[in-house]
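Take a look at the letters that make up each chain.
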Amino acid sequence: MWLMILLLAPFLLIFLYFFVALIICYKWDTPKRNYVMAKKLPGPKTLPIIGLALDIALLKPHELNDLCSALLAKHKPFSASRSMGSLIKLSPGDTKEILKSTKYISKGLEYFPIIPWLRTGLLTSKGKAQVKTRPIFTVHKTAMGTKLHGQEGEEYIKAVTKACAMVMKRAQDPTLFNDYFFYFSWSGYQTRKCLKTLHQFTENVIKERRAEYRKKKQNLTDLQTDNNESSSVILKKPRREAELESDKVVSEIEDIFGPQECKDIRKEHLKKMEYLEKVLKESLRLYPSVPYISRWLEQDLVLGEYTIPAQSNIGIMSYLMHRSPELYPDPEKFDPERFSKENSAGRHPFAYIPFSAGPRNCIGQRFAMMEEKVILTQLLRKFRFEAVSSPDQVKCIPYVVLRPLNSELMVRITPRRNAE
Ligand code: HEM
């Protein structure tokens, strides 16, 4: 008898741990009214209280898109995870209702694991009015002139990758939602280690920049730059196509600057890069750096015949919406001409939201586009890029920002002059 209790004890303890963690997590999470209202919404049959939480926890992060895609294919016009109150949505019209309104500006639950990292700044705050400071998310060369080389740089990059993985793990695993449970977990310990490296690095950069500022008496602006993934997306398409695309971009650049090196790139030059702009837009359609936007509803939201109750979490899958065949025929094809004036006419303005839209859209949108143009102008003039991996080999993973799984995006780079 005692032996059996002793053998079963570890399993009982694990069960108890998960049970208590889930109760704590969901006890306050969903008002009773929401359970009743959720029954009237389209969506899959799920477990009582925890809804889809178990399905989500058991998935690998790169499988989440497939789950959402399958749910949306089955349940129209959107799919609600009953009881947990989490919704995923697709139509641009409904997306507009949420994003354009000042009533729905609170960020969703998915942001809360990021707060220990970014602290409460513009990205994670409840509303713009409450924001006094801006977070520094990724401080790197473009933002503050910092080079990420040497051991410190390597450790920083490793810590960013690990922290993103931990944010994702916490967002998927409801037993880690509660701060105390998270603190005493292995993931909590690893996260604290990463955050120490990240915050230390950021603080060092700020210290250095302050010292420089004092010296040069220049303005220091806190920048949040989360587009470190985006410049690479131009390469995520079939090999030959990528080469043709970059050749077209290069001839546009040559038309603007002539054969000489383009050292002094100005705003009027960037305006003329119309083809490059279309390439960047198409890249962000297929690979939006932020593939998922979420909101926490403080008030009821009426979408057509459905009412989504307050205290629900809404997810807008820009990644899936951008690949919807109804909005973009032959959606997997990389075709920059989708963004020509003629082809864009008539497209719903909320059918393309890589920078979100409405009162909480991306404040760095224009800067990001200019930055990408400048970087690509320099790179494509000097080097030829060939995608070694084909798009179907590259699995995307929503690690805070969209990344290739296991960094498996292979690119061959050769100097242009030698290549010709
Ligand atoms: C290609 C590059 C970028 C993409 C695709 C992008 C995308 C986005 C998206 C989709 C959001 C909305 C998130 C949400 O509502 O949940 C956002 C918010 C934000 N972005 Fe960007 N971003 C980029 C670059 C930048 C840059 C360069 C900066 C800063 C200079 C920046 C600063 C911000 C800030 C502060 C917010 C929060 C705005 C708010 O919540 O009120 N972003 N970004």
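So, here's what we can say about the structure.

Rules of the game
- Along each chain, the written sequence defines residue order, and numbers are assigned to residues from 1.
- Owing to the predicted nature of the model, reporting of local features is limited to residues with pLDDT of at least 70; listing and counting of side-chain atom pairs is limited to 80 or more, with chain, interface and lining totals taken over all residues.
- Side-chain numbers come from the whole structure's heavy atoms, not from hydrogens or water.
- Each helix is a run of H or I in the DSSP string that is no shorter than four residues. Each strand is a run of E no shorter than two, and both are numbered from the N terminus.
- Summary of the burial criterion: residues with accessible area below 20% of their type's maximum are buried, those above 50% are exposed, and those between are partly exposed, where the area comes from a 1.4 Å probe applied to protein chains only.
- Only heavy atoms enter the contact rule, under which two residues are in contact if any of them lie within 4.5 Å.
- Here the Shrake-Rupley method, with its probe set to 1.4 Å, supplies the accessible areas, and only the displayed protein chains count as covering residues.
- Here a helix's expected span is defined as the number of its residues, less one, multiplied by 1.5 Å.
- Strands are labelled as partners when DSSP assigns at least two bridges between them.
- We treat Lys and Arg as the positive residues and Asp and Glu as the negative residues; His and chain ends play no part in the count.
- Here, a salt bridge means any Lys or Arg side-chain nitrogen found within 4 Å of an Asp or Glu carboxyl oxygen.
- Between N or O atoms, a polar contact is any pair within 3.5 Å; within protein, one atom must be a potential hydrogen donor and the other a potential acceptor, and residues adjacent in sequence are included only when both atoms are from side chains.
- Here a patch means residues that are over 30% exposed by relative accessible area and free of salt bridges, tied together within 9 Å if like-charged and within 5 Å if nonpolar (Val, Leu, Ile, Met, Phe, Trp, Tyr).
- Only the stretch in contact is used when fitting a helix axis, every axis being a line fitted to C-alpha atoms; angles between N-to-C directions are given from 0 to 180 degrees.
- Under this scheme an angle from 65 to 115 degrees is roughly perpendicular, one under 35 degrees roughly parallel, and one over 145 degrees roughly antiparallel; angles in between are oblique.
- For a crossing to be left-handed, the near helix must be turned anticlockwise from the far one by less than a right angle; the clockwise case is right-handed.
- Each residue gets one of three labels, nonpolar for Ala, Val, Leu, Ile, Met, Phe, Trp, Tyr, Cys and Pro, charged for Asp, Glu, Lys and Arg, and polar for the others, Gly among them.
- A charge is said to be at NZ when it belongs to Lys, at CZ for Arg, at CG for Asp and at CD for Glu.
- Donor selection uses N, O and S atoms within 2.8 Å of the metal (3.2 Å for Na, K and Ca). Since no water is included, sites may look incomplete.
- Centres within 6.5 Å make a pair out of two Phe, Tyr or Trp rings, where for Trp the six-membered ring is used; the pair is then stacked when the planes are under 30 degrees apart, edge-to-face when over 60, and tilted otherwise.
- Look at NZ for Lys and CZ for Arg. If either is within 6 Å of the ring centre and within 35 degrees of the ring normal, a charge sits over the ring.

### Notes on the overall build of the protein
Now for step 1: A count of helices and strands for the protein gives 17 helices and 10 strands.
Now for step 2: Within the protein, the proportion of its 420 residues that are buried is 48%.
Now for step 3: The contacts of the protein with a sequence gap of at least 6 include a subset with a gap of at least 24, amounting to 73%.
Now for step 4: Accessible surface computed for the protein: about 23000 Å², of which carbon and sulfur atoms make up 59%.

### Details of helix α10 (residues 186-216)
Counting along an α-helix, one turn takes 3.6 residues, and residues three or four places apart therefore face a common direction.
Now for step 1: With 31 residues, α10 extends 45 Å between its outermost C-alpha atoms, agreeing within 8% with the 45 Å of an ideal straight helix rising 1.5 Å per residue.
Now for step 2: Of the positions making up α10, those classed as buried are Ser187, Gly188, Gln190, Thr191, Cys194, Leu195, Leu198, His199, Phe201, Thr202, Val205 and Arg209.

### Here's the deal with the pairing of strand β7 (residues 383-387)
Now for step 1: Across the 5 residues that make up β7, a large majority, 4, are buried.
Now for step 2: Relative to strand β10 (residues 411-415), β7 is paired through 5 bridges, and the arrangement is antiparallel. Along β10, the bridge assignment pairs arginine 384 with threonine 414.

### What about the side chain of arginine 360?
Now for step 1: Within the secondary structure, arginine 360 sits in the loop between α15 (341-344) and α16 (365-382).
Now for step 2: We note that arginine 360 is buried and unpaired, the nearest opposite charge coming from glutamate 298 at a distance of 8.9 Å.
Now for step 3: Reaching out from arginine 360, the side chain makes a polar contact with the backbone oxygen of isoleucine 105 at a distance of 2.8 Å.

### Some remarks on a nonpolar patch on the surface
Now for step 1: Residues Leu13, Phe15, Leu16, Phe19 and Val20 make up a contiguous nonpolar surface patch of about 520 Å² in total accessible area.
Now for step 2: Residue placement: phenylalanine 19 occurs in helix α1 (residues 2-27).

### Details of the packing of helix α13 (residues 274-286) against α16
Now for step 1: For the pair α13 and α16, interaxial distance at closest approach is 11 Å and the crossing angle is 115°. Relative to α16, the element α13 lies roughly perpendicular. When the axes of α13 and α16 are compared, the crossing they make is right-handed. Of α16, the residues touching α13 (which contributes Leu276, Glu277, Leu280, Lys281 and Leu284) are Met369, Glu372, Lys373, Leu376 and Thr377.
Now for step 2: Class assignment for the residues of the contact of α13 with α16 results in 5 nonpolar, 1 polar and 4 charged.

### Examining a negative patch on the surface
Now for step 1: Together, Glu152, Glu154, Glu155 and Glu208 make up a region of like negative charge exposed at the surface.
Now for step 2: In terms of residue count, the dominant contributor to the negative patch is helix α8 (residues 150-172) (3 residues).
Now for step 3: Structurally, the position occupied by glutamate 155 is in helix α8.

### Structural notes on the pattern of salt bridges
Now for step 1: A complete count under the given rule lists 13 salt bridges for this structure.
Now for step 2: Across the pair lysine 281 and glutamate 277 runs a salt bridge whose closest N-O atoms are separated by 3.6 Å. Taken as a pair, lysine 281 and glutamate 277 lie in helix α13 at a separation of 4 residues, close to a single helical turn.
Now for step 3: The partner of glutamate 282 in a salt bridge is arginine 285, with the nearest N and O atoms 2.7 Å apart. Of this pair, glutamate 282 and arginine 285 both sit in helix α13, 3 residues apart, which is roughly one turn of the helix.
Now for step 4: Salt bridges sharing common partners tie together Asp247, Arg384 and Arg416.

### Here we look at the coordination of the iron atom of the ligand
Now for step 1: For the iron atom of the ligand, the protein supplies a single donor, Cys362 (SG), at a distance of 2.3 Å.
Now for step 2: Along the polypeptide, cysteine 362 turns up in the loop between α15 and α16.

### Section: the packing of aromatic side chains
Now for step 1: In this structure the tally under the stated criterion is 5 aromatic pairs.
Now for step 2: Their ring planes at 25° and their centres at 5.2 Å tell us that tryptophan 186 and tyrosine 189 sit as a pair that is stacked. In this pair, tryptophan 186 and tyrosine 189 both sit in helix α10, 3 residues apart, roughly one turn of the helix.
Now for step 3: The aromatic ring of phenylalanine 339 is capped on one face by arginine 347, whose charged end is 5.1 Å from the ring centroid.

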